[in-house]
Amino acid sequence: MKTTNTTANSTANLISDIKSAAATTPREHLSREEIISIAEQVATSLAAIPEEGFRSSRDIKEIILHCSATKQGDDFSSGDIRRWHLQRGFNDIGYHFVVRLDGTVERGRDMNLAGAHCLNHNRRSIGICYVGGLDRAGRPADTRTPAQRVALPELIRRLRRHHPAATIHGHREFAAKACPCFNAAEYSSLRPDDAGEPDCHAPGSA
Ligand SMILES: [Zn+2]
């Protein structure tokens, strides 16, 4: 029963996120084909991550959002960012997740390990990076694509399933930076995607 409820809720959340992404896309309307394509991309990439990939053994207090500080329209993978961070002397990519331009969610650093993305907050947080954050002239800008606007809340809900008390923040709340170049408070009221759906069985029963 629980699996069924969770799947139904995820689908309902996905549809609502797609509608709001379509509504907030400036000066362009998403076609039916684009909407279906985004939904498939986001759902497929999330489904490829095992459930334990959304859970950390650490005591998670915060989910912190970042941008990659790359120009609008330029796509990069988790592997690209890992390479940049290794070049800067990190042990691994600093973020736990990367959200690409087409809404694909990619895993970064092992969730059980502290990230390297926000000074003094790494130990008890999860770091998510969407690709973008700068306009074509290199100025800070909210460049989230419609697909990223769908994928980000979906990912946050999945993480909150395991870490329901974690609060949502933008990097700029903790550092003198523009990152992630939008107000992360828009995601602060997202509920876990199985919230309000108690299991039909008592704990420990079949
Ligand atoms: Zn950042």
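Note that the structure is a prediction, hence the values are computed from the model and not measured.

> When you look at the overall build of the protein chain in this model, what are you seeing that I'm missing?
In terms of helices and strands, the protein chain carries four helices and seven strands. The linear arrangement of helices and strands in the protein chain, starting from the amino end, is α-α-β-β-α-β-β-β-β-α-β. Buried residues in the protein chain amount to 38% of all 206 residues. When contacts within the protein chain are restricted to residue pairs at least 6 apart in sequence, long-range pairs at least 24 apart make up 72% of them.

> How should I be thinking about the packing of helix α2 (residues 32-47) against helix α4 (residues 146-162) in this particular structure?
Angle between the axes and distance between the axes are the two parameters that describe a pair of packed helices. Where α2 meets α4, the axes come as close as 10 Å, and the angle between the chain directions of the two elements is 35°. As α2 packs across α4, the resulting crossing turns out to be right-handed. Residues I38, Q41, V42 and L46 of α2 touch α4, and the partners they reach there are P146, A147, V150, A151, E154 and R158.

> So what exactly am I meant to see when it comes to the sheet that holds strand β4 (residues 105-107) here?
Backbone hydrogen bonds are what pair the strands of a sheet, in a parallel or an antiparallel way. As summarised here, the arrangement of the five strands in space is β4-β3-β5-β1-β7, forming an open sheet in which the pairing is mixed. Looking at which strands have only one partner, the edges of the open sheet turn out to be β4 and β7 (167-170). Across the sheet, the mean angle from the axis of one strand to that of its neighbour is 25°, orientation sign disregarded. Direction of pairing for strand β1 (residues 62-67) relative to strand β5 (residues 125-130): parallel, over a ladder of six bridges. By the bridge assignment, I63 is partnered in β5 with I126. Strand contacts of α4: β1, β3 (97-99), β4, β5 and β7, with the helix running at about 155° to β3, the strand carrying the most contacts.

> Where do I start with the environment of T70 in this structure?
With respect to the secondary-structure elements, T70 resides in strand β2 (residues 70-71). The exposure class of T70 is partly exposed, given the 18 C-beta atoms found within 10 Å. Sequence separation of T70 and R139 is 69 residues, and the distance between their C-alpha atoms is 9.7 Å. Setting aside anything within four residues of it in sequence, one finds T70 in contact with F76, V131, G132, G133 and L134.

> Just to check I follow, could you spell out the nonpolar core for this structure?
Side chains of a nonpolar character, in soluble globular proteins, are inclined to be buried together. Counting residues in each nonpolar core, the largest one holds 41 residues, and the members touching the most others are I63, V99, I128, A151, L155 and I156. Secondary structure elements with two or more residues in this core: α1 (2-24), α2, β1, β3, β5 and α4. In terms of residue count, the dominant contributor to this core is α4 (seven residues). Not counting residues up to four positions away in its chain, the partners in contact with I156 are I63, I168, Y187 and L190.

The rules behind these values
Residues numbered from 1 in each chain as written. Predicted model: local features only at pLDDT ≥ 70, side-chain atom pairs only at ≥ 80, totals over all residues. Helix = DSSP H or I, 4+ residues; strand = E, 2+ residues; numbered from the N terminus. Buried ≥ 20, exposed ≤ 12 C-beta atoms within 10 Å, placed from the backbone. Contact = placed C-beta atoms within 7 Å. Axes fitted to C-alpha atoms, helices over the stretch in contact; angles between N-to-C directions. Left-handed = near helix turned anticlockwise from the far one by under 90°. Pairing = 2+ DSSP bridges. Core = buried A, V, L, I, M, F, W, Y, C linked by C-beta atoms within 7 Å.

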